[in-house]
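Fold and geometry: a report
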Amino acid sequence: MKIQLIIDYLITYSSFWVSWLFLGAIAIAISGFLTRGMKPQELGASLQEKDKQAIEAQKYRLSYSKPASAKLIDSFAVVLMSLFILLYIYLIYYKADFAYSDNSQFTFYSLRDRFFGMPIWTASGRFFPLGLQEYNLISLVSKTVYAYHGLSVLQLLAVVGSLFFVFKRCQVWIRCLITFAVLTIPSFTVAFFGLIYPERNIIFWLSIFLVCYQRWSQTGYRTYLFLLLTAAHFSLYYKEPIFLIFSGFAIFRIGLGLISHIRNKQSIKFIFLKTYAAEVGLLILSMGFLGLYLGKFLPYLGQAERNQEELSWSATLLGYLGSNFLILSLIVVYLLRCLFLIATRRSFDRFWDAIGLGAIFYFLAFVKLGLFNNYYLAPADFLAILYFGNLISQLLLRTAQSDLVKRFMPLAAVGLCAILVIPQNLDQSATHLLYRKNTIAGKVQLQASLERYGDSQSDGSPTNLYFPFPESGFSLMEFSSFLEYKGLKLVKDPTQSVADEPLFLVESPEEFEDSLCVEYGRPQK
């Protein structure tokens, strides 16, 4: 049965998988072609040559000597970080169940031996085909909530490890602070504590991308080139605006390279493309995604806009900036940094400034679309923390050798950003966790009470579950689906009866067509 399920799934979505594999192969093949004939040492040298600011920052790191107390501080930070991660994992599993919003995507599908289809929804203009597909595979092995959340835990550990690697030249306590800041981002918390959010997968693949890109630029090994393209290829199909992060990253780096060549009166030769093989591959993948999207949805774009409830761009912008000081700080700091670098004729950091620009592009896409929900910005929030982490680590290294007066202003600016961002993040993350855990616990307790009540009834007639003020038909469908997943028998006909089996009938004052809470739901009323 499982094999047949997999075969049917692959046949149904064969056109997408063929296109997806073809685009990935094309990008990897062209990037490999561009770097053919060059040894890793030659590639590494040419790649590092274009990142002069990174080399300059490295000089500060090498010249900075740790005080004797640094090892003790680092050890203490590692212990605290380890305890916090253990607490984080414990909270992920604490009172976990398939009872939160939108979990009917599990209780209707993978938990019932039915694969969840790819989210390619022409009616709403949505195209994130890889969303929730990982749980189809997990359900073949285990259908417990622990197995489903186990993937989140593994991805969490991978992200933490990636952060320590990306900032490996920083002091350990700085890496711990950056990791703590990432784990307490509200959108990050939502994505990793929940199951339905594709942002979690995006953050996971972005962390792999960052590690592999750094290794590619340092060593020139093509293995890292192919891995970073693979990570980007997966990321693109979890959320539509993600292509702006990678295309923005690539265009920024290629653009700076072209400007540098023009200023130095150098001709654009094939060797130029060799050093930007990764960026060329990212552009191919991004344009390939855009082509697939437009090819699928161009006939439906007008209808999708009419069906989609949107805010005005100004209301969306104010909503995000008012509730997310992290994004606001990123935009302000990035613009000021660009003005400063241009005015002083200093070089951009071709890696981190490209990352920051991609994050801003991603944010602006949601503003333009008029879509507001803080967890949408999880990838941008993640990259924003890393961008600030790099700036702060460089600032601390540079000011460590300065006098107190020169250190005060930059450190005061860092402290002000921290005062604005960190309390808001902790407050929003804690509020979400309390709401999530209490919601799940309440539904589980209600289900257990209904089960005990049903066992005490012997007449075989259905028990009415009357909801006088339901939030929506969707909320009724969600709760009904959870009850069925837990084994309660729900019926449509109030006259139906089964001996020795408790039955329940979900009712509300709302009128639903064909007794369906939603068009695609089971017949529950």
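The structure displayed is predicted, hence computed values, not measured ones.

Some details on the packing of aromatic side chains
Following the criterion strictly, the structure yields 50 aromatic pairs and no others. Measuring from centroid to centroid gives 5.6 Å for Phe-209 and Phe-249, while their planes differ by 80 degrees, and the two rings are edge-to-face. Here Phe-209, found in helix H11 (residues 199-219), pairs with Phe-249, found in helix H13 (residues 242-263); they are 40 residues apart in sequence, far enough to count as distant. The class for Phe-209 is buried, based on a relative accessible area of 2%. Residue Phe-249 is classed as buried on the basis of its relative accessible area, which comes to 2%. The ring of Tyr-100 carries Arg-436 above its face, with NZ or CZ at 4.6 Å from the centroid.

Details of the sheet that holds strand S4 (residues 489-490)
Across the sheet, three strands lie side by side as S3-S5-S4; this open sheet has parallel pairing. Both outer strands of the open sheet, strand S3 (463-466) and S4, are each paired with one neighbouring strand and no more. Examined bridge by bridge, S4 and strand S5 (residues 503-507) share two bridges and lie parallel to one another. Directly across from Lys-489, in S5, lies its bridge partner Leu-503.

As for the confidence of the model for the protein chain
Looking at the protein chain as a whole, the pLDDT averages 84, with 83% of positions reaching at least 70. At the low end of the mean pLDDT range in the protein chain sits helix H4 (residues 52-63), at 49; at the high end sits helix H8 (residues 145-166), at 96. Confidence drops under a pLDDT of 50 for residues 59-64, and excluding neighbours within four residues, the segment shows 13 contacts in the predicted structure.

Remarks on the nonpolar core
In terms of nonpolar packing, the biggest core is built from 140 residues, with Phe-188, Phe-209, Leu-228 and Phe-382 touching the most fellow members. Take this core: its biggest share by element is 11 residues, from H11. Excluding its chain neighbours within four sequence positions, the residues that come into contact with Phe-188 are Tyr-88, Leu-156, Val-159, Val-182, Leu-183, Ile-203 and Ala-378.

A word on the pairing of S5
Counting buried residues along S5, four of its five residues qualify, which places the element largely inside the surrounding structure. Here S3 pairs with S5 via four bridges, running parallel. Counted as the bridge partner of Asn-464 is Leu-505 from S5.

Considering the packing of helix H2 (residues 14-34) against helix H12 (residues 222-236)
Packing of H2 against H12 brings their axes to within 10 Å, and their N-to-C directions diverge by 150 degrees. Compared by their axis directions, H2 and H12 come out roughly antiparallel. Judged by the sense of rotation from one axis to the other, the crossing of H2 with H12 is right-handed. Every residue of H12 that contacts H2 at Trp-20, Leu-23, Gly-24, Ala-27, Ile-28, Ser-31 and Gly-32 is listed here: Leu-225, Phe-226, Leu-229, Thr-230, His-233 and Phe-234. Of the residues assigned to the contact of H2 with H12, the class counts are eight nonpolar, five polar and no charged.

With respect to a nonpolar patch on the surface
A contiguous nonpolar patch, built from Phe-76, Val-79, Leu-80, Leu-83 and Leu-86 and spanning about 520 Å² of accessible area, is present on the exposed surface. We classify Leu-80 as partly exposed; its relative accessible area is 45%.

Cut-offs applied
Residues numbered from 1 in each chain as written. Predicted model: local features only at pLDDT ≥ 70, side-chain atom pairs only at ≥ 80, totals over all residues. Heavy atoms only, no water. Phe/Tyr/Trp six-rings, centres within 6.5 Å; stacked < 30°, edge-to-face > 60°. Helix = DSSP H or I, 4+ residues; strand = E, 2+ residues; numbered from the N terminus. Buried < 20%, exposed > 50% of the residue type's maximum accessible area, 1.4 Å probe, protein only. Lys NZ or Arg CZ within 6 Å of the ring centre and 35° of its normal. Pairing = 2+ DSSP bridges. pLDDT = per-residue confidence, 0-100. Contact = heavy atoms within 4.5 Å. Core = buried A, V, L, I, M, F, W, Y, C linked by side-chain atoms within 4.5 Å. Axes fitted to C-alpha atoms, helices over the stretch in contact; angles between N-to-C directions. Parallel < 35°, antiparallel > 145°, perpendicular 65-115°, else oblique. Left-handed = near helix turned anticlockwise from the far one by under 90°. Nonpolar A, V, L, I, M, F, W, Y, C, P; charged D, E, K, R; others polar. Patch = residues over 30% accessible without salt bridge, like charges linked within 9 Å, V, L, I, M, F, W, Y side chains within 5 Å. Areas by Shrake-Rupley, 256 points an atom, 1.4 Å probe, with all protein chains shown as cover. Salt bridge = Lys/Arg side-chain N within 4 Å of Asp/Glu carboxyl O.

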